[in-house]
Amino acid sequence: MNKFIAWMTNVLAPKMNKMGRNPWMASLQESILTAMPMILIGSFVTIFGILKEFIPAIPDFTMIGNFSFGLLSIFLAYLIPATVMEKKKHRKVAKQAGMAGVAFFLMIVYPIFDETGNIQIVFSNLGTGGMIASLTAGLFVGAVMNQFAKHSFFKEDTPIPDFITVWFDTIIPILLCLTIGWIFTFLLQINIFDIIYRIFSPFIAIGQSFWGFLFLNFLAYSFLYSCGISTWAIYPILSAIYLQGIGDNMALAAAGEAARYIHTQEAVCLILVGGGGGTLPLAFMLLRAKSEKLKAIGKSTLIPSICNINEPLVFGTPVAFNPLLMVPMYICGLIGPILVWAALASGLVPIPAQTFGLWYLPAPIYGWLATGSFMGLLLELVVIAVCWVIYYPFFKIYDRQTCEEEKAEREKKARVSAG
């Protein structure tokens, strides 16, 4: 175990952190986080939709969701190339890159113009249905703009105002991006959007499978967490699966069909009681610890854990890189996904069919609102109970060890004082 922990500390963690700091990966992550308010607006619309079932007089806020969460791909098409330019230290052309990203994305969604000049675009392609294409378009435009931003038609000491030099320096790369979009979409009649979707569909299908669900959740929320690596390091990968899944479920629900894609953030949060590794029971156990140190940690981390924020508990205490608490975190990281998958796949609990990004709502309230069913609440209670049983014996051992260490420390201080 010592060799394993040393490998995680000295090899895995530095590589994962380096990957997370890569400007391209960081740009995807930051862009998605920047668009998070629009996702949360969609979540509030979901709450009003639930309340409308009990209070019919509440207005239908669906259109607000359509023009926030429903336009997510357009927002990302702007944010990704703009953020890439900022990460690459080309801030002067960030806004121009963002505009080029939007224009290129709207080209590749394969719009149709009727005889009167009206444009027709499948609306779902502008939301989560077009997210993969949006990420691809954003990175492509970012790569083109980055290459051209390294060169300028003007010298650094030119008396010409910066905004004018930016005009001329960005004309060629923007024209290149739009020309490529025009050639494929309008000249060759090639549906780039459909090609991108087909290329990535096997990856999405694997992510939506039971084994993909189990592996990715264990990797992101238990294994990497235990190595001191935040899940945000691979969030761009996870979000591509999450958002595509919930978008497809929303389309199915709108068509009167049952949702069938389980791997969504809404479903994953049913597992994360207290945060990654199901640590909510551990937070309560720490309050009853015999060790003064652990009891103090419990008092300071309980409220964040109730709101599913467990970084203070995992990274601020000896949970990460601690074999005694890593083991139950791993077990919960496997059992939790299995329980949730079984409950959703069997139909015992409804598969979430509306976006609900309010992951910080305490369990089990989150389970009820995310699934729109009281069974979602019961499922989270079951997950909490199972995690409690798993953590308890390991906690008792760790508490006893910590008490012994504290006793030894007090005796050492007493000897020093007496001497």
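Residues numbered from 1 in each chain as written. Predicted model: local features only at pLDDT ≥ 70, side-chain atom pairs only at ≥ 80, totals over all residues. Heavy atoms only, no water.

**Points about the overall build of the protein**
Within the protein, the secondary structure is distributed over 18 helices and two strands. Taking the principal axes of the C-alpha coordinates as reference, the protein spans close to 85 × 60 × 40 Å. Within the protein, buried positions represent 48% of all 419 residues. Considering only intrachain contacts with a sequence separation of at least 6, the fraction spanning at least 24 residues in the protein is 74%. When the accessible surface of the protein is totalled, it reaches about 20400 Å², and 69% of it is carbon and sulfur. (Helix = DSSP H or I, 4+ residues; strand = E, 2+ residues; numbered from the N terminus. Buried < 20%, exposed > 50% of the residue type's maximum accessible area, 1.4 Å probe, protein only. Contact = heavy atoms within 4.5 Å. Areas by Shrake-Rupley, 256 points an atom, 1.4 Å probe, with all protein chains shown as cover.)

**Things to note about the state of the cysteines**
Working definition of a disulfide: a covalent bond connecting the sulfur atoms of two cysteines. Evaluation of the coordinates by the stated rule reveals zero disulfides. As a non-bridged cysteine, Cys-332 has Cys-387 as the owner of its nearest cysteine sulfur, 3.6 Å distant. (Disulfide = S-S within 2.5 Å.)

**Notes on the nonpolar core**
One broad rule of soluble globular proteins: the nonpolar side chains tend to lie buried together. Membership of the largest hydrophobic core comes to 107 residues, with the highest contact counts inside it found for Leu-76, Phe-105, Ile-108, Val-340 and Leu-344. Sequence-distant contacts of Leu-344, that is, excluding residues within four places in its chain, are made with Ile-262, Ala-267, Leu-270, Val-349, Pro-350, Ile-351 and Pro-352. (Core = buried A, V, L, I, M, F, W, Y, C linked by side-chain atoms within 4.5 Å.)

**Regarding helix α13 (residues 280–287)**
Counting buried positions along α13 yields six of eight residues, so the element is predominantly enclosed. Residues Leu-280, Pro-281, Leu-282, Ala-283, Met-285 and Leu-286 constitute the buried set of α13. Looking at the buried side of α13, the elements it contacts are α14 (292–306), α15 (311–315) and α18 (374–418).

**Quick look at empty space enclosed by the protein**
What the rule picks out here adds up to two cavities of 30 Å³ or more. One number sums up the size of the largest cavity: a volume of about 80 Å³. Contributing to the lining of the largest cavity are 14 residues, with Ile-271, Leu-272, Gly-277, Cys-332 and Gly-333 lying nearest its centre. Class assignment for the residues of the lining of the largest cavity results in eight nonpolar, six polar and no charged. (1 Å grid on protein atoms, 1.4 Å probe; cavity = no way out; pocket = protein on both sides within 12 Å on 5 of 7 lines; lining within 4 Å. Points joined across faces, edges and corners; volume = space filled by probe spheres on them. Nonpolar A, V, L, I, M, F, W, Y, C, P; charged D, E, K, R; others polar.)

**Some details on the packing of aromatic side chains**
One pass over the full model with this rule turns up twelve aromatic pairs. Measuring from centroid to centroid gives 6.4 Å for Phe-113 and Phe-186, while their planes differ by 45°, and the two rings are tilted. One end of the pair, Phe-113, is in strand β1 (residues 112–113); the other, Phe-186, is in helix α8 (residues 162–187), with 73 residues separating them in the sequence. You can call Phe-113 partly exposed: its relative accessible area is 47%. With a relative accessible area of 31%, Phe-186 lands in the partly exposed category. (Phe/Tyr/Trp six-rings, centres within 6.5 Å; stacked < 30°, edge-to-face > 60°.)

**Topic: the environment of His-263**
Along the polypeptide, His-263 turns up in the loop between α11 (235–254) and α12 (265–268). Residues His-263 and Val-340 lie 77 residues apart in sequence; the distance between their C-alpha atoms is 10 Å. Filtering out sequence-adjacent residues up to four positions away, His-263 remains in contact with Gly-207, Gln-208, Gly-212, Phe-213, Leu-216, Asn-217, Ile-241, Tyr-242 and Val-268.

**Structural notes on a nonpolar patch on the surface**
Taken together, the side chains of Phe-54, Ile-55, Leu-348, Ile-365, Trp-368, Phe-374, Met-375, Leu-378 and Leu-381 make up a nonpolar region of the molecular surface, amounting to roughly 890 Å² of accessible area. Mapped by element, the contributors of at least two residues to the nonpolar patch are α17 (365–371) and α18. Along the chain, the position of Met-375 falls in helix α18. (Patch = residues over 30% accessible without salt bridge, like charges linked within 9 Å, V, L, I, M, F, W, Y side chains within 5 Å. Salt bridge = Lys/Arg side-chain N within 4 Å of Asp/Glu carboxyl O.)

**Describing the environment of Ala-220**
In this fold, Ala-220 is placed in helix α10 (residues 210–226). Taking C-alpha positions, Ala-220 is 24 Å from Leu-377, a pair spaced 157 residues apart along the chain. Beyond its immediate sequence surroundings of up to four residues, Ala-220 is in contact with Tyr-225, Thr-231, Ile-234 and Leu-238.

**A few points about the side chain of Ser-222**
As for its placement among the helices and strands, Ser-222 is situated in helix α10. A residue is classified by how much of its surface remains accessible, and Ser-222, at 1% relative accessible area, is buried. For Ser-222, the contacting residues outside a window of four places in its chain are Asn-217, Gly-277, Met-329, Tyr-330 and Gly-333.

**Comments concerning the pattern of salt bridges**
Inspection of every chain in the model, using the stated rule, returns two salt bridges. Of the charged contacts in the structure, one is a salt bridge between Lys-87 and Glu-30, with a shortest N-O distance of 2.7 Å. Note that Lys-87 is positioned in helix α5 (residues 72–87) and Glu-30 in helix α2 (residues 23–34), a separation of 57 residues in sequence. Among the residues examined, Glu-30 registers a relative accessible area of 30% and is labelled partly exposed. Salt-bridge contacts for Arg-198 lead to Asp-194; the nearest nitrogen and oxygen are separated by 2.8 Å. Of this pair, Arg-198 and Asp-194 both sit in helix α9 (residues 192–207), four residues apart, which is roughly one turn of that helix.

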